[in-house]
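Secondary and tertiary structure notes
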Amino acid sequence: MARNRIYQEEEFPSPLVQLWHNFRQNKVVMFGFGSFVFLFLLAIFSPILTPYSSIQNNLDHLLVPPAWDVNGDVSFLLGTDNLGRDMLSRLMHGASLTFGLSFVVVIISMLLGVIIGSLSALTTGIKSVFLNHFLDVILSIPSLLLAIVIVAILGTGLGNTLWAIVLVLIPQFIHITKNAVKEEFSKDYVLASRLDGAGSFRILSYSIFPNIIEKIIRQATLAQSAAILDIAALGFLGLGAPIPLPEWGAMLSNGLDLFYIAPWTVYLPGLAILFSVVATNLVGEGMRHALKQSKES
Amino acid sequence: MLIFTLRRINLLLITVLLLTLVSFSLNFLFPGDPLVNMSGRINPTPDQLLILSDQYQHNANYFIQYWTYLQHIFKGELGVSMASHLPISSEIINLLPATIELSMTALIIAMCLGIPIGFIAAISHKKITDNIILTIAMLGYSIPVFWLALLAILVFSIQLNWLPSAGQISLLYEIKHVTGIQFIDIMLSESEYKWQAFQNASSHILLPACVVALAPGALFIRLARTAMMDVLETSYIRAAKAKGLSFLQIIYRHAIRNALINVIRHVGLQFANLITLAMVTEVIFNWPGIGRWLIESIYQRDYTAIQAGLLVLSSFIFIVHILTDFIYAALNPLARDTKHGA
Amino acid sequence: MMKINVLNQVINKSQLILSLLTTVLLIGCDSGNSTSLSAKSIIYCSEGSPASFNPQTITSGTSIDATSNQLYDRLLSFNPGDDDIKPALAKSWHVTRDGKMITFYLRKNVEFHQTKYFTPTRTFNADDVLFSFNRILDQNHEFHSIAGVQYPFFESVNFSSLVNEIEKINDYTVRFKLNNSDSSFLSNLASDYSVIISSEYGKQLSQSNKRENIDLLPIGTGPFKLKEYRAGSFIRYYPHEKYWREKAQIEQLIFDITPNNTSRLTKLLTGGCDVLAYPIAHKQIKKYPNLTLDTVTSLNVGYLGFNTKKPPFDNKLVRTAVAYAINRKAIIETIYSGQADIAKSLLPKSSWAYDDTASEQIYSIETARILLHEAGYPNGFTMNIWAMPVRRAYNPDALTMAKLIQADLLKIGIQVKIVSGYEWEVFLNMVRLGEHESVLLGWSADHPDPDNFLTPILSCDSAGKGSNNTQWCHKGFDKLLQDALQSNNINQRKKYYAQALAIVAEEIPLLPIAHSKRYQARSTKVKGKLLNAFGGIDFRQVSKK
């Protein structure tokens, strides 16, 4: 049945839908988004998908080169490491550790950061000044250094590393949320609903959040690429994931001593980290672009 | 400008004070006795412990303890390292210059390459050059620095044998430690091999500095590109065009200066990032700087070194931050009146 | 006047800088002189920082390498060929028939180092011998416990209860009076730890109240003297111009401290160093025509030590179960690339006390399960393994070995947590304090006497403070070692050691894993012998083409 239009209707897509619409335009960005989704699915389903165990030693197949090498073996597509563990399986499992956990870390710090940020946007006076300074101080400390210090307090280990990175990321979210909320609060439509008698929290949840959510998501992608690099760096320095977990950074440092005899144990985890960071950055980039376009339109 | 200066100095003081507060509380958060963590004297005898507790006013309330801690810091007493038993202040004086040397060289490389490339990308907007530059920039700041360092060593040291793989200078050259900045020390030294030492030191710094410079350089490309594009859209550029100036003249006379100012504003922010990269790079290139020392302190559970290193390194970053603020303000009078953080 | 001088210097320097800057701009490359500098120097890429510059106070091989043969001499030394004891600072010696009195006749005109911090006024004499050993023996000696130092090697061989007195007969004759005869005494005096330090330097330090410098700024009679040490970075030695033997043939010796295995190898491949400690990737090194890989038969053993003071390893059944569950053959194949012998006992084949008939620990998961059940842990437990952080001949990759053991023990339900990441000296210290539950470590012999294997690793005296990190103390075992030491009959001693090793095999305070060769890589330009079957590296006779 054909739909009759009685009135000249103009559709107003919600900000997110509009964003998605703009986002889809760029092919490179969509490739990044596809890779991101791929990594995300891999992170969830890797335990089912891996051809071998990523942890168990297989002493009959030590240091098998990747399949394309002359000495390679097709059953170990990306070769094996010095304990005969299949690199492909380890990289897949690593996706859920490095990439998956960075995602979780970002979600947690985003939630906490947005809550604290919006609350602090509503406060004024000396408390706010103090918070401002405190944030400035925290943000001036290099994130990796801060994470290292927190790990030194909590002790090494994967869980502690994650908490450390959560703590490092929170101030960034507080900062961006606070500024965004303040900016929105000064706009007329907020004044309008305030005149309608809405309380601060109502305005926050109904009027402001839908308008700043893109900014927060954009910050989340930045935070995620930083989180991936930090988890990997801590793993590389031996402060993160415990042995034998195949966290990419830890895998890379494990491969370090094999650099000369089995270079693939160094190349592959590095490539995996690079790939996931590029995918994340492409999504963020697309988001930024789309945001700019929605503003311009 | 006076008010601006006062405001920045005020900010610096408050920040350093907050940083000391952070490092002071770290002593209580780290495992072990806070007094031992603060002083670095491990396994003290009861007598030594008494002396220490007197020195640090350990039995007074937290405020007085903090105050004594501050006094110790301003006297330059950061305790002794739990691992090497040397005074931490002397270790930091030995190591910080090497980090400054590396990070400043990297910063210069990043700026000298990143900013012009970014301008080129902006001027050739929507063209293939722009896309290629943007892609390289994206790869540049996505690449994990420790991996990049390894690849750089593999290619430039092992396969091509162009550059040395580790250290600040070949240990053959005996350079006396005066300022800690290797190049200055070489100049001051009276070795007959001065000139070779100089060459040797430059070949040693090139690879790590480039590795550190890549990610900030990539970000400078983006910042410079955005800044230039913003400038090109302003009305004074359009006015200049209307006057009939050629495109190159516009770029040289007006655009570069104004875009540059906007980029410099971000240098301070980038510096923290750069130091993080330098820390990891120092580990891989065996660079005798404060970053490697800090990371080794973690392996050695040297809490005194960790808290002191954190304090010094963050203060250093903040000072650079404020300095770039000054440079920015000096170049751009408009910036002097805006409040910080607004 | 002074001020003008300083000013002049400053002006001179700035002129110099200016002229240099112009040369930098004008001249491209010229590296003619630097080759001559490198031809006169040897850079050794070592694996860690020394804990002290005095070998009396340490046991780690890293510190031995950096000190003993370079900075010091001993009264006696070993003949590299046949392991016989030969004269060094002592020209000759005489042992009484009961073995309780040993008289040393000292060499004359042996000079101590002259450095920035000390200028000797006299040559080596009996006072230095007394000073060196009384420092260890006498609890009240002013240098005995400065900065909390200990003497782990001497404690482990029970030196202070063995030596009754050291007597100065005249300036060049000293006599050691022992409480009982000890067949390894001369070997211990010839080992890397028994160095001679300067008593005159000691006096100077004690006057200026800087006694702790005796272990930090060393003065010895050795072929090299310390020029500069930057902790964690490098050690620079200059040759000792008045060395009593043939002088060193190089103008400087540099220890480039590079803990990371790969960076160390990279330095060798790129010409950053001439000699490399504990190389990885042997096959790769052999591919380079300008590098050689030295192999030295080394008296050593790598083992997994259990902390017998901590549960569950205070239970013999648990230790036995773990020993049964570890597949040592796979470890030899994986970690040592098959280039090592499975350890039957603590003693390697090349030791004269090696017992071919002793039974070997076998690998059987089934037996391990049964034993674990008997011990009351049917479902296993959680334990930790401390994996040593440096590469050693006896254990080139403890971390990977720990991973293999982790997988092996999982089969009988034991969860293993691997502890790594400590710096080497910190690691040794924490293990000495008994922080571990089990530890992968090893021992390189300091001299060929089998006592040097058993006493330091397992005797009661070295438990806790020395190098016995199993904390195991067995009176019967100690008695056998004592008996063996008091006998001079080699067959009798052999029997005692066989019995002692049987006790170890029964009680399993540790599981011996492998005996391996010591490897070292160097540039073909470096000539001369560097390594012996035991003891640290020696640069005395090394030259460079």
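In this numbering scheme, every chain counts its residues from 1 along its sequence in written order. For this description, chains carry letters from A and ligands carry numbers from 1, given in the order in which they are written. With the structure being a predicted model, the display of local features is reserved for residues of pLDDT at least 70 and the display and counting of side-chain atom pairs for 80 or more, all residues being used for whole-chain, interface and lining totals. Side-chain measures here rest on the full set of heavy atoms in the structure, leaving out hydrogens and waters.

Thoughts on empty space enclosed by the protein
Picture a little ball the size of a water molecule; that probe, rolled over the atoms, points out where space is still empty. Heads up, the condition is: Lining residues are those with an atom within 4 Å of a point, where the points come from a 1 Å grid over the protein atoms alone and group into cavities, where a 1.4 Å probe fits but cannot get out, or pockets, open sets with protein on both sides within 12 Å along at least five of seven lines. Grid points are joined across faces, edges and corners, and a volume is the space filled by probe spheres set on the points. Helix and strand labels come from DSSP, where a helix needs a run of H or I of at least four residues and a strand needs a run of E of at least two; each type is numbered from the N terminus. Each residue receives one of three labels: charged for Asp, Glu, Lys and Arg, nonpolar for Ala, Val, Leu, Ile, Met, Phe, Trp, Tyr, Cys and Pro, and polar for the others, Gly being one of them. Segmentation into domains, and thus their bounds, comes from an automatic or database assignment.
Considering all chains together, one arrives at three cavities of 30 Å³ or more under this definition. Together, 34 residues line the largest cavity, and Thr-59, Ser-60, Gly-61, Tyr-394 and Ser-444 of chain C are the ones closest to its centre. Put simply, the parts of the chain that give the lining of the largest cavity at least two residues each are helix H3 (61-71), helix H16 (424-432) and strand E17 (438-444) of chain C. Here the lining of the largest cavity is composed, by residue class, of 15 nonpolar, 13 polar and six charged. Inspection of the lining of the largest cavity shows a minimum of three residues originating in each of domain 1 (4-48 + 222-290 + 524-544) and domain 3 (300-518) of chain C. A volume near 50 Å³ is recorded for the second largest cavity. Lining the second largest cavity are Met-38, Tyr-56, Tyr-69, His-72, Ile-73, Glu-77, Leu-78, Gln-307 and Ala-308 of chain B. For the lining of the second largest cavity, the elements supplying multiple residues, two or more each, are helix H4 (62-74) and helix H13 (303-331) of chain B. Among the elements that make up the lining of the second largest cavity, the one with the highest residue count is H4 of chain B (three residues).

A look at the packing of helix H5 (residues 88-123) of chain B against helix H9 (residues 194-232) of chain B
Heads up, the condition is: Working convention: axes come from line fits to C-alpha atoms, limited for helices to the stretch in contact. Angles between N-to-C directions cover 0 to 180 degrees. Note on convention: the crossing is left-handed when the near helix lies turned anticlockwise from the far helix by less than a right angle, right-handed when the turn is clockwise.
Close contact between H5 of chain B and H9 of chain B brings their axes to 5 Å; oriented N to C, the two are set at 35°. The two elements H5 of chain B and H9 of chain B meet at a crossing, and its hand is right-handed.

Looking at the interface of chain B and chain A
Where interface size is quoted, it is often the accessible area lost as the parts come together. For the record, the criterion: A contact between two residues is defined here by any heavy atoms of the two lying within 4.5 Å. The term buried area refers to how much accessible surface (probe radius 1.4 Å) is lost by two components on association, counted for both of them together. A side-chain nitrogen of Lys or Arg and a carboxyl oxygen of Asp or Glu constitute a salt bridge if their distance falls within 4 Å.
Facing the 41 residues of chain B at the interface are 37 residues of chain A. Of the roughly 3600 Å² buried between chain B and chain A, counting both surfaces, carbon and sulfur atoms make up 81%. The three residues of chain B that bury the most area against chain A are Leu-18, Phe-146 and Trp-147 of chain B, which together make up 17% of that side's buried surface. Scanning the region where chain B abuts chain A turns up one salt bridge.

So, the confidence of the model for chain A
For clarity, the threshold we go by: The predictor attaches a confidence to each residue, and that confidence, scored 0 to 100, is pLDDT.
Taken residue by residue, chain A gives an average pLDDT of 84. The fraction at 70 or more is 94%. Per-element confidence in chain A is highest for helix H3 (residues 87-122) of chain A, whose mean pLDDT is 91, and lowest for helix H1 (residues 15-23) of chain A, whose mean pLDDT is 74.

Some points on the sheet that holds strand E13 (residues 300-306) of chain C
Residues and elements named next belong to chain C. As a reminder, the rule being used: Strands qualify as paired when DSSP identifies two bridges or more between them.
Spatial strand order, E14-E18-E13-E17-E15-E16: six strands in an open sheet with mixed pairing. The sheet terminates laterally at strand E14 (340-342) and strand E16 (415-419), the two strands that pair on one side only. Within this sheet the neighbouring strands show an average axis-to-axis angle of 25°, counted without direction. Most of the contacts of H16 go to E17, to which it runs at about 110°, and overall it touches strand E15 (382-387) and E17.

With respect to unusual backbone geometry
Residues and elements named next belong to chain C. Here Pro-311 and Pro-312 are connected by a cis peptide whose omega angle stands at 0°. One non-glycine residue, Tyr-278, lies in positive phi territory at about 45°. For Tyr-278, the position within the fold is in the loop between strand E11 (275-277) and helix H11 (282-287).

Side note on the packing of helix H5 (residues 143-154) of chain A against H13 of chain B
Heads up, the condition is: The scheme is simple: roughly parallel for angles under 35 degrees, roughly antiparallel for over 145, roughly perpendicular for 65 to 115, oblique for anything else.
Running from N to C, H5 of chain A and H13 of chain B point in directions that differ by 155°, and their axes come no closer than 11 Å. Compared by their axis directions, H5 of chain A and H13 of chain B come out roughly antiparallel. Crossing of H5 of chain A over H13 of chain B shows left-handed handedness. Contacts from Leu-145, Val-149 and Ala-152 of chain A in H5 of chain A reach Tyr-303, Ile-306, Leu-310 and Leu-313 of chain B in H13 of chain B. Class assignment for the residues of the contact of H5 of chain A with H13 of chain B results in seven nonpolar, no polar and no charged.

Brief notes about helix H4 (residues 126-137) of chain C
Within an α-helix, residues lying three or four positions from one another point in the same direction, as the helix has 3.6 residues per turn. All names here are of chain C. Note the following rule: A helix is expected to span 1.5 Å multiplied by its residue count minus one. Classification of residues uses two cut-offs on accessible area relative to the type maximum, computed with a 1.4 Å probe and protein chains only: under 20% is buried, over 50% is exposed, and between them is partly exposed.
Between its first and last C-alpha atoms H4 spans 16 Å; for twelve residues at 1.5 Å apiece the expected length is 16 Å, and the two agree. In terms of residue burial, H4 counts as a mostly covered element, since ten of its twelve residues are buried. If you check which residues of H4 are buried, you get Ala-126, Asp-128, Val-129, Leu-130, Phe-131, Ser-132, Phe-133, Arg-135, Ile-136 and Leu-137.

Looking at the environment of Ala-137 of chain B
All names here are of chain B. Position of Ala-137 relative to the elements: it lies in helix H6 (residues 128-142). For Ala-137, a relative accessible area of 1% puts it in the buried group. Distance in space between the C-alpha atoms of Ala-137 and Arg-222 is 7.3 Å, their sequence separation being 85 residues. Ala-137 has contacts with Ala-218, Ile-221 and Arg-222, leaving out every residue within four places of it along the chain.

Thoughts on the state of the cysteines
All names here are of chain C. This is how the line gets drawn: Any two cysteine sulfur atoms lying within 2.5 Å of each other are counted as a disulfide.
Summed over the entire model, instances satisfying the criterion amount to two disulfides over all chains. Cys-460 shares a disulfide with Cys-473; S-S distance 1.9 Å. For the disulfide bridge between Cys-460 and Cys-473, the dihedral angle about the S-S bond is near 100°, and by the sign convention the bridge is right-handed. Pair noted here: Cys-460 is in the loop between helix H17 (451-458) and helix H18 (475-486) and Cys-473 is in the loop between H17 and H18, with a separation of 13 residues, a long-range link.

Looking at the side chain of Ser-118 of chain A
All names here are of chain A. Tracing the backbone shows Ser-118 in helix H3. What makes Ser-118 buried here is its relative accessible area of 4%. Ignoring any residue separated from it by four or fewer positions in sequence, one finds Ser-118 in contact with Thr-177, Val-181, Leu-204 and Phe-209.

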